[in-house]
Amino acid sequence: DYNSDKRHRAASDEAQHRPAGTLSTRRQLYERNFPLYKQPVEVGFFSLDSRRNFFNDQRQLRYYVEPRKSPDFNLRDGYTSRFVKRDDGVKEKLDHVLKWILANRDKIQTRDQTSSSSCALGVDFVTWRGHLTKVLTTPYETQEGWMLAASKFRGTIYISEVETEAARANRMTRSERQEEMMYWGYKFEQYTCADDVDGTPDPGGVVNTNEAFCTVVQTRLADHKLLFSGEVDCRVKDPDAPPAPGCYVELKTSAEICTPKQRSNFHRYKLLKWWAQSFLPGVPQIVAGFRDHDGIVVSIETFQTSKISHLIKNEINCWKPTVCMNFCNDFLSFVKSVVKEDNPRLVYLFEWDPHRDVTYTVHRDSPFTFLPDWYVKDTRS
Ligand code: 0WD
Ligand code: CA
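*Asks:* In this structure, what is going on with the environment of Asp57? I would like to understand it.
*Replies:* Among the secondary structure elements, Asp57 is positioned in the loop between β2 (54-55) and β3 (63-64). Separated by 103 residues in the primary sequence, Asp57 and Ser160 place their C-alpha atoms 23 Å from one another. Residues in contact with Asp57, not counting those within four places in the same chain, are Phe45, Phe46 and Ser47. At 2.8 Å, the side chain of Asp57 and the side chain of Arg59 are in polar contact.

Structural data, given as structure tokens:
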């Protein structure tokens, strides 16, 4: 029963010398059967234009055009002359997702139809895909911590990232080389994407990282009903391809692999992040451009998201999808057990640093408050 379960948990926390109200990230605790993760369903999408304006449509969706086997793309081209960079000092929080919700309340699927006619959304969590990716990879992350703010409003918990002091310091002190290399991923997208289904890529155009196409999906992890949005690079051209998100393609660039050590690091670290990011919204394939030191793409490889975990099984001590998903499940349960007061101005701030447990603090009417007035004022009509 519930009480004996609670006693049992308290006893096991004590045995691990863990204060109540924290969550362990030790991998061994999460080596259980894979939890239920329902096939994500796309319930909508939106576009952000070159000035970061929201549009409730798919105008920014692009089409994948398969390159030659050794394409010779120069990812440095245009960096100084044809690049408009998004201002990453502007924190948009969940605003675009909230705009989508206000415009598309009727598209959110609720098993219990009574909630669609009342004011509740009928989902447990609303967030960005990227925030969930960070949660999934936490048991294996040794470099970067995170801060996730959570507020409950009309029964739904909203989760929005807060930039850590370390992340801010990194952002402010990036080298010129790092700045340029951040451009390379976007340039690769330009070489491999067309704006129209019958078009071809235009490598002579401007790269503008304000532009984005985002999918909105619903799914369930164990007993957590999730609604989240993630940026999608492109879709396949075939009109008979499976419906979204099954037709979407994630594009990546990575340093070419020349040594066994580099291959092992690629499997152990990079494929974990790639897998988590695409598995969450159900994006089935990842196209990787491997580039040399000078930003020339020397080869292209396609990875099936569902096969990535088999690829890595030869690595010793490698990451396991089940650990990622069980940790995410337990983290969301932990958040539910903590975030009790339904108040959009109250923020529960969950923090994690590598080699530590997850902890939280509570903030009333603080700068951490992230649900805007225009969202909490009236979502009924
Ligand atoms: O803290 C965040 N990650 C926030 C992201 C807070 C508020 C808004 N956003 C926006 C991003 O600017 C972007 O429009 O959300 C959108 C992406 O959300 P996501 O899909 O949940 O994020 P994630 O999975 O981390 O990144 C997906 C892609 C990246 O592709 P790669 O292949 O590099 O993983 O979104 C792009 C990037 O192409 N992206 C960004 N683009 C511009 N500025 C940014 C950014 N700060 N972050 C991700
Ligand atoms: Ca990408």
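*Asks:* Explain the packing of aromatic side chains here, please?
*Replies:* This model, assessed by the stated rule, comprises 28 aromatic pairs. Here the aromatic rings of Phe46 and Trp128 are separated by 6.4 Å at their centres, their planes lie at 65 degrees, and the arrangement is edge-to-face. Within this pair, whereas Phe46 is found in strand β1 (residues 41-48), its partner Trp128 is found in strand β5 (residues 125-128), the two being separated by 82 residues in sequence. When its relative accessible area of 0% is taken as the criterion, Phe46 is described as buried. Overall, the relative accessible area of 15% leaves Trp128 in the buried class. Ring geometry for Phe213 against Tyr248: centres 6.0 Å apart, planes inclined by 70 degrees, an arrangement best described as edge-to-face. Of the two residues, Phe213 is situated in strand β10 (residues 212-221) and Tyr248 in strand β13 (residues 248-255); the sequence distance between them amounts to 35 residues. Note on accessibility: Phe213 and Tyr248 belong to one class, buried. Three or more aromatic residues joined by ring pairs form one cluster here, namely Tyr30, Trp146, Phe327, Phe331, Phe334, Phe350, Trp352 and Tyr360. Directly above the aromatic system of Phe55 lies the positively charged group of Arg59, at a separation of 3.6 Å from the ring centroid.

*Asks:* Help me understand the coordination of the calcium ion (ligand 2) in this model?
*Replies:* Tetrahedral coordination by four donors puts the ideal angle at the metal at 109.5 degrees, and octahedral coordination by six puts it at 90 or 180 degrees. The coordination sphere of the calcium ion (ligand 2), as far as protein atoms go, consists of Asp233 (OD), Glu250 (OE) and Leu251 (O), spread over 2.3 to 2.5 Å. Between the donor residues of the calcium ion (ligand 2), the gaps in sequence give the motif D-x16-E-L. Within this pair, whereas Asp233 is found in the loop between β11 (224-231) and β12 (234-235), its partner Glu250 is found in strand β13, the two being separated by 17 residues in sequence. Neither Asp233 nor Glu250 differs from the other in exposure class; each is buried.

*Asks:* Just to check I follow, could you spell out the site of ligand 1 for this structure?
*Replies:* Ligand 1 sits among 17 residues. The nearest are Arg52, Arg129, Gly130, Glu231 and Lys252. Between an oxygen atom of ligand 1 and a side-chain N or O atom of Arg52, the distance comes to 2.7 Å. Within the side chain of Glu250, a nitrogen or oxygen atom sits 3.0 Å from an oxygen atom of ligand 1. Its free accessible area being 780 Å², ligand 1 has 75% of it covered by the protein chains. Where the shell around ligand 1 is concerned, the elements lending two or more residues are α4 (129-137), β11 and β13. A class-by-class count of the residues in the shell around ligand 1 yields 3 nonpolar, 5 polar and 9 charged.

*Asks:* Sorry, what's going on with the pattern of salt bridges here?
*Replies:* Where charged atoms from two side chains of opposite charge approach closely, those side chains can pair. Counted by the stated rule, this structure contains 21 salt bridges. Asp88 is paired through a salt bridge with Lys85; the nearest N and O atoms lie 3.7 Å apart. Among the ionic pairs, Glu163 bridges to Lys91, the shortest N-O distance being 3.5 Å. In this pair, Glu163 is assigned in the loop between β7 (156-162) and α5 (165-172) and Lys91 in the loop between β4 (83-84) and α2 (95-104), connecting sequence segments 72 residues apart. What emerges from the salt-bridge pattern is a single network uniting Lys85, Asp88, Arg174 and Glu179.

*Asks:* Explanation requested: helix α6 (residues 176-192) in the structure shown.
*Replies:* Side chains that are three or four residues apart share a direction in an α-helix, a result of its 3.6 residues per turn. With 17 residues, α6 should cover 24 Å at 1.5 Å per step; its first-to-last C-alpha distance of 25 Å lies within 8% of that length. Taken as a whole, α6 carries its principal kink of about 25 degrees at Gly185.

*Asks:* Looking at this structure, I do not really get the side chain of Gln190. What am I missing?
*Replies:* Along the polypeptide, Gln190 turns up in helix α6. A polar atom in the side chain of Gln190 sits 2.5 Å from the side chain of Lys187. For Gln190, the side chain forms a polar contact with the main-chain oxygen of Gly205, separated by 3.0 Å.

*Asks:* What's the story with the sheet that holds β5 in this structure? I'm lost.
*Replies:* Working definition: the strands of a sheet are paired by backbone hydrogen bonds and lie parallel or antiparallel to each other. Judged by pairing direction, the sheet is mixed, and its 9 strands sit side by side in the order β2-β1-β10-β11-β5-β7-β6-β16-β17 without closing on themselves. Two strands bound the open sheet, and with one partner strand each, they are β2 and β17 (359-364). Of the strand pairs in this sheet, strand β6 (residues 146-153) and β7 are connected by 7 bridges, and their pairing is antiparallel. In the strand pairing of β7, Ala150 is matched with Ile159. Together, β5, β6, β7 and β11 form the strand contacts of α4, whose direction differs from that of β5 by roughly 95 degrees.

The rules behind the values
- Residues numbered from 1 in each chain as written.
- Chains lettered and ligands numbered in written order.
- Predicted model: local features only at pLDDT ≥ 70, side-chain atom pairs only at ≥ 80, totals over all residues.
- Heavy atoms only, no water.
- Helix = DSSP H or I, 4+ residues; strand = E, 2+ residues; numbered from the N terminus.
- Contact = heavy atoms within 4.5 Å.
- Polar contact = N/O pair within 3.5 Å; in protein donor to acceptor, adjacent residues only side chain to side chain.
- Phe/Tyr/Trp six-rings, centres within 6.5 Å; stacked < 30°, edge-to-face > 60°.
- Buried < 20%, exposed > 50% of the residue type's maximum accessible area, 1.4 Å probe, protein only.
- Lys NZ or Arg CZ within 6 Å of the ring centre and 35° of its normal.
- Donors = N, O, S within 2.8 Å, 3.2 Å for Na, K, Ca; no water.
- Near = heavy atom within 4 Å.
- Areas by Shrake-Rupley, 256 points an atom, 1.4 Å probe, with all protein chains shown as cover.
- Nonpolar A, V, L, I, M, F, W, Y, C, P; charged D, E, K, R; others polar.
- Salt bridge = Lys/Arg side-chain N within 4 Å of Asp/Glu carboxyl O.
- Expected span 1.5 Å × (residues − 1).
- Bend = angle between axes of the 7 residues up to and from the residue.
- Pairing = 2+ DSSP bridges.
- Axes fitted to C-alpha atoms, helices over the stretch in contact; angles between N-to-C directions.

Purely geometric numbers; function is a separate question.
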